[in-house]
Each structure stands twice: as structure tokens, then as C-alpha cells.
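Understanding the architecture of this molecule
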Amino acid sequence: EDKVVQSPLSLVVHEGDTVTLNCSYEVTNFRSLLWYKQEKKAPTFLFMLTSSGIEKKSGRLSSILDKKELSSILNITATQTGDSAIYLCAPKSSGDKLTFGTGTRLAVRP
Amino acid sequence: KAGVTQTPRYLIKTRGQQVTLSCSPISGHRSVSWYQQTPGQGLQFLFEYFSETQRNKGNFPGRFSGRQFSNSRSEMNVSTLELGDSALYLCASSRTGAHTEAFFGQGTRLTVV
């Protein structure tokens, strides 16, 4: 059975801090790994990672995949209160099936 | 470019009834997947449709079914509703392929009373 574990489950930081969110996965027919941010309703797409060791960046967010270790990390630097959300990672396996972890709930205090 | 559209946004049903939810994918996207999100279980995969065919199925009872039309729009149906079916139902669309993103609709919040 496909499995995704995210850590930590929750995190409280102050504005300006840097955070690292972890994702470990075990899926058959791994194709890529996607990160999402979920605030109220729909998860919004952040990154898609397909190759090991190649960092994807978008502003203060960056992410990297380690296929050998079956893991990925999401970094957020200089956090802002608007970064408060649940961050979800989801490996894509056969077809377009995504398997989600429980997510990391991030709270950024002013 | 319009995003993924789900209707209705909110729904209240009684135990034993059935419900149909609709999802219109982004134009050009042929893959539609459905997920159930509950506080206790997180986001769980229900099924995926591509070119009107169910390509993947999650571990949900047969009361949960779906279909996809030739224009890629998809519906999911839940029959004989139970209280535990109360959840946010999300659909995601993608172009399909190993290296393609999936985009989510706003979801349908189903409450079973």
C-alpha cells in the first residue's frame, strides 16, 4: 500500500524564521512528487519534482527531491503570517493518482 | 483560463439518500481525480478517470462511483449516504503524464444528517 509520512505534524514559528518540512514516501510506480499549500479549501499547487537533487524555487519557497532516500523537503525562508497553512506532499504514481500525507500545519506568529 | 469548477459548493443530505457531485476540469485536461478530505483521514484518493475510463480506484466501498463524459467533465455519485460520508470532496484535473501538475477545484462540502 502506498504511504506518505510528513513531519513535523505541526509547527509554530515567528515571522522571519526559516522552516523545513519533510516528506517521506513509499509508492509503487513513482512518477513525480507534488507539493501543495492548503489554507481554506482547495490545495494550491506549489512545486512538481521529478529528478533528484534539482532544486525548484519560487520566491521564498524551495524544494528538492531525493529519490534514493524516497524523500523531499520544502523550505520556507523569512516566513510571513501569510505562509500559515497546511502543506501537503503527494507522490504521483500510476496514471495521475496522488497519495497524500497528513500534511504539516504551519502557524507563523507576527 | 478558467480553473477547475466543482458544483455544488455545499450540500446537506439525509442518511440513506444519494448525491451527485460535478467537476469541470481545466480546458485541455483529460484526467480527473476525486478525493475525500476529512479531519481524521486527510485527503484520500477515490478514483481517477481518463478518456471516459476509470484508470485508478482507491479503497472506498462500492457506494462511491463516478463517470467521465466525452468533454472530460466528471461526476461522482454516493448512494445510501452515511453520516461518515460528511466531508469535503475535491476534484483535481491534469493533462495526464508523469510530469504534469494537478490542479484542484474549490471542493463540495457534503454534510449528511
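Throughout what follows, the structure given in this document is the object of discussion. (Residues numbered from 1 in each chain as written. Chains lettered and ligands numbered in written order. Predicted model: local features only at pLDDT ≥ 70, side-chain atom pairs only at ≥ 80, totals over all residues. Heavy atoms only, no water.)

Side note on the interface of chain A and chain B
To keep things clear, this is the line we draw: For this analysis, residues touch if any pair of their heavy atoms sits within 4.5 Å. Joining two parts hides part of their accessible area as seen by a 1.4 Å probe, and the buried area is that hidden amount summed over both. Salt-bridge detection follows one rule: a side-chain nitrogen of Lys or Arg within 4 Å of a carboxyl oxygen of Asp or Glu. Contacts described as polar in this section are N or O atom pairs within 3.5 Å, which, within protein, must combine one atom able to donate a hydrogen with one able to accept it, while residues neighboring in sequence count only if both atoms come from side chains. Starting at the N terminus, helices and strands are each numbered in turn, a helix being any DSSP run of H or I of at least four residues and a strand any DSSP run of E of at least two.
In this complex, chain A contributes 19 residues to the contact, which on the side of chain B involves 26 residues. At the boundary of chain A with chain B, total buried surface from both sides reaches about 1900 Å², with 56% on carbon and sulfur atoms. Counting the surface chain A buries against chain B, the share from its top three residues, A:Lys41, A:Asp96 and A:Phe100, is 32%. Put simply, chain A and chain B have 1 salt bridge between them. The closest approach of N and O atoms between A:Asp96 and B:Arg55, which form a salt bridge, is 2.7 Å. Summed over the shared surface of chain A and chain B, the result is 8 residue pairs in polar contact (both at pLDDT 80 or more). Going through the elements one at a time, strand E4 (32-38), strand E5 (44-49) and strand E9 (85-92) of chain A are the ones with two or more residues in the side of chain A that touches chain B.

Let's talk about unusual backbone geometry
For the bond running from A:Ser7 to A:Pro8, omega is -10 degrees, close enough to zero to count as cis. The omega torsion of the bond from B:Thr7 to B:Pro8 falls at -10 degrees, within 30 degrees of zero and hence cis. With respect to the element layout, B:Pro8 can be found in the loop between strand E1 (5-7) and strand E2 (10-13). The phi dihedral of A:Leu70 is positive, around 55 degrees, even though this residue is not glycine. Tracing the backbone through its elements, the reader meets A:Leu70 in the loop between strand E7 (61-66) and strand E8 (71-76). Even without a glycine there, the phi angle at B:Glu52 is positive, about 70 degrees. With respect to the helices and strands, B:Glu52 occurs in the loop between strand E5 (42-50) and strand E6 (53-57).

A look at the layout of surface pockets
This is how the line gets drawn: Grid points spaced at 1 Å and placed over the protein atoms alone form the basis of the search, with a cavity being a set where a 1.4 Å probe fits but cannot get out and a pocket an open set showing protein on both sides within 12 Å along at least five of seven lines. Lining residues have an atom within 4 Å of a point. Grid points are joined across faces, edges and corners, and a volume is the space filled by probe spheres set on the points. Three residue categories are used. Nonpolar comprises Ala, Val, Leu, Ile, Met, Phe, Trp, Tyr, Cys and Pro, charged comprises Asp, Glu, Lys and Arg, and polar comprises the others, including Gly.
Roughly 530 Å³ of volume is contained in the largest pocket. If you go around the largest pocket, you meet 22 residues; those closest to its centre are A:Glu1, A:Asp2, A:Thr99, A:Phe100 and B:Gln44. When residues of the lining of the largest pocket are traced back to their parent elements, those giving at least two are strand E1 (3-7) of chain A together with E5 of chain B. Of the residues belonging to the lining of the largest pocket, the class tally is 7 nonpolar, 10 polar and 5 charged. Estimated volume of the second largest pocket: approximately 420 Å³. Forming the walls of the second largest pocket are 19 residues, and the residues nearest its centre are A:Ile86, A:Arg105, B:Gln37, B:Thr38 and B:Pro39.

Some points on the state of the cysteines
By definition, a disulfide links the sulfur atoms of two cysteines through a covalent bond. All names here are of chain B. To be explicit about the condition: Disulfides are defined in this document as cysteine sulfur pairs within 2.5 Å. For every residue, the accessible area (1.4 Å probe, protein chains only) is compared with the maximum for its type, and the residue is labelled buried under 20%, exposed over 50%, or partly exposed between those bounds.
Tallied over the entire structure, the rule returns 2 disulfides over all chains. Linked covalently through their sulfurs, Cys23 and Cys91 form a disulfide whose S-S length is 1.8 Å. Because the sign of the S-S torsion sets the handedness, a value of about 65 degrees for the bond joining Cys23 and Cys91 places this disulfide among the right-handed ones. Linking Cys23 in strand E3 (residues 19-24) with Cys91 in strand E9 (residues 87-94), this pair joins segments that are 68 residues apart in sequence. For the pair Cys23 and Cys91, one class covers both residues: buried.

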